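For reference, the chains in residue letters:
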Amino acid sequence: MVTRPTIGVLAVQGDVREHLGVLAGLGVDARTVRRPAELDDCDGLVVPGGESTTMAKLARTFDLLEPLRQRVKEGLPVFGTCAGMIMLADRVEDGVPGQETIGGLDITVRRNAFGRQVDSFEGDLELVGLTGPVHAVFIRAPWVESVGEDVEVLARVPHGPAVGRIVAVRQGPLMATSFHPEVGGDPRVHRLFVDLVEGHGSLDHRG
Ligand code: GLN
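Before going into details, it helps to say that this report is about the structure given with it. None of these values were measured; they are calculated from a predicted model. (Residues numbered from 1 in each chain as written. Predicted model: local features only at pLDDT ≥ 70, side-chain atom pairs only at ≥ 80, totals over all residues. Heavy atoms only, no water.)

Time to look at the site of the ligand. By nearness alone, every residue bordering the ligand is listed as G49, G50, E51, S52, C82, A83, I86, R111, N112, I139, R140 and H180. One of the backbone N or O atoms of G50 is found 2.9 Å from an oxygen atom in the ligand. The backbone of R140 places a nitrogen or oxygen atom 2.9 Å from a nitrogen atom of the ligand. When isolated, the ligand has an accessible area of 300 Å², and the protein chains bury 94% of it. A class-by-class count of the residues in the shell around the ligand yields four nonpolar, five polar and three charged. (Near = heavy atom within 4 Å. Polar contact = N/O pair within 3.5 Å; in protein donor to acceptor, adjacent residues only side chain to side chain. Areas by Shrake-Rupley, 256 points an atom, 1.4 Å probe, with all protein chains shown as cover. Nonpolar A, V, L, I, M, F, W, Y, C, P; charged D, E, K, R; others polar.)

Structure follows, in structure tokens:
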């Protein structure tokens, strides 16, 4: 068990500040990660929303991509939101040619999956491990096209044209959402992740 864990937010691009704010509010030691040495201090990592192709290029430029892959292999808990979900995916549809990811999550994601007309929207959904609906904000979001057998589906789109699409998943210490739980003032999804980092919590027994 880890108490008062250090949780990094990958800070090469994207909505870093919002995640730092939510994490600090949950009482963890939240800090930015831009250099490999900063990753060494982390018990967990958030990969924020932003733009996955830019984020991957910058992670490569800052010599972070291989250390990130290594830490994920070693079992570092990582929570990816939106572009961060894409960064954790083993396979990307509608990526740019040669788009790199950190990988680790046995999922196929489709970038910008909800289409132009509904590229940004919000709604309530149920998420495994939480009681009561989560307000989910989607911004040019990916969805999860398919999952490997070790991946647990945490949430699906409850209605509308994309009904049933997978928008939150978890595989061991890796968690990802298509939406942005760092906006909107509900810290419960981050709390689930902090519980994972600390080695307890409602998702823990689920393998
Ligand atoms: N569409 C972006 C991408 O492909 C993700 C959008 C977001 O993170 N809000 O990386």
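A few words now on the nonpolar core. Grouped together as the largest cluster of nonpolar side chains are 37 residues, with contacts concentrated most on L127, M175 and F179. Among the elements of the structure, β1 (6-10), α1 (16-25), β8 (134-139), β10 (152-156), β11 (166-171) and α6 (188-198) are those that each provide at least two residues to this core. Among the elements that line this core, the one with the most residues is α6, at six residues. Each residue touching F179, except ones within four places of it in the same chain, is listed here: T81, C82, L125, L127, V134, A136, V137, F138, V167 and A168. Counting 32 residues, the second largest nonpolar core, distinct from the first, contains V33, V78, V151 and A176. (Core = buried A, V, L, I, M, F, W, Y, C linked by side-chain atoms within 4.5 Å. Buried < 20%, exposed > 50% of the residue type's maximum accessible area, 1.4 Å probe, protein only. Helix = DSSP H or I, 4+ residues; strand = E, 2+ residues; numbered from the N terminus. Contact = heavy atoms within 4.5 Å.)

It is worth spelling out the packing of aromatic side chains at this point. Evaluated as defined, the whole model comprises six aromatic pairs. Ring geometry for F79 and F193: centres 5.6 Å apart, planes at 40°, overall tilted. Taken together, the positions of F79 in strand β4 (residues 78-81) and F193 in helix α6 put the pair 114 residues apart, joining distant regions of the chain. The same class applies to F79 and to F193, which are both buried. Judged by centre distance (5.4 Å) and plane angle (55°), the ring pair of F114 and F138 falls under tilted. With F114 in the loop between β6 (105-110) and β7 (120-125) and F138 in strand β8, this residue pair connects regions lying 24 residues apart in the sequence. Per residue, the accessibility class of F114 equals that of F138, and both read buried. A network of ring pairs unites the aromatic residues F114, F121, F138, W143 and F179 as a single cluster. (Phe/Tyr/Trp six-rings, centres within 6.5 Å; stacked < 30°, edge-to-face > 60°.)

This brings us to the side chain of T81. Assignment of secondary structure puts T81 in strand β4. T81 gets classed as buried once you look at its relative accessible area, which sits at 0%. Here H19 takes part through its side chain, which lies 3.2 Å from a polar atom of the side chain of T81. In this structure T81 touches H19, V47, P48, G49, T177, F179, P181 and E182, once residues within four positions along its chain are discounted.

For the rest of this paragraph, the subject is the packing of helix α3 (residues 52-61) against helix α4 (residues 65-73). Running from amino to carboxyl end, α3 crosses α4 at an angle of 100°, the nearest separation of the two axes being 7 Å. Classified by the interaxial angle, the pair formed by α3 and α4 is roughly perpendicular. Of the residues in α4, those touching α3 at A56, A59 and R60 are L65, E66 and R69. Residues that form the contact of α3 with α4 fall into these classes: three nonpolar, no polar and three charged. (Axes fitted to C-alpha atoms, helices over the stretch in contact; angles between N-to-C directions. Parallel < 35°, antiparallel > 145°, perpendicular 65-115°, else oblique.)

Right, let's get into the pattern of salt bridges. Per the counting criterion, the structure on display carries 17 salt bridges. Note that R69 and E66 form a salt bridge whose closest N and O atoms lie 3.0 Å from each other. Placement of both R69 and E66 in helix α4 is noted, with a separation of three residues, approximately one turn of the helix. On the accessibility criterion, E66 (42% relative accessible area) is partly exposed. Residue D195 is joined to R191 by a salt bridge in which the shortest nitrogen-to-oxygen separation is 3.3 Å. Here the residue D195 and the residue R191 both occupy positions in helix α6, the gap between them amounting to four residues, near one helical turn. Judged by relative accessible area, D195 falls into the buried class, the value being 12%. (Salt bridge = Lys/Arg side-chain N within 4 Å of Asp/Glu carboxyl O.)

L65, L68, R71 and V72 are the residues of α4 that are buried. Seen end-on, α4 carries its buried residues on one side only, within an arc spanning 130°. In the stretch just after α4, G75 is the one whose phi turns positive, near 105°. (Arc of directions from axis to C-beta.)

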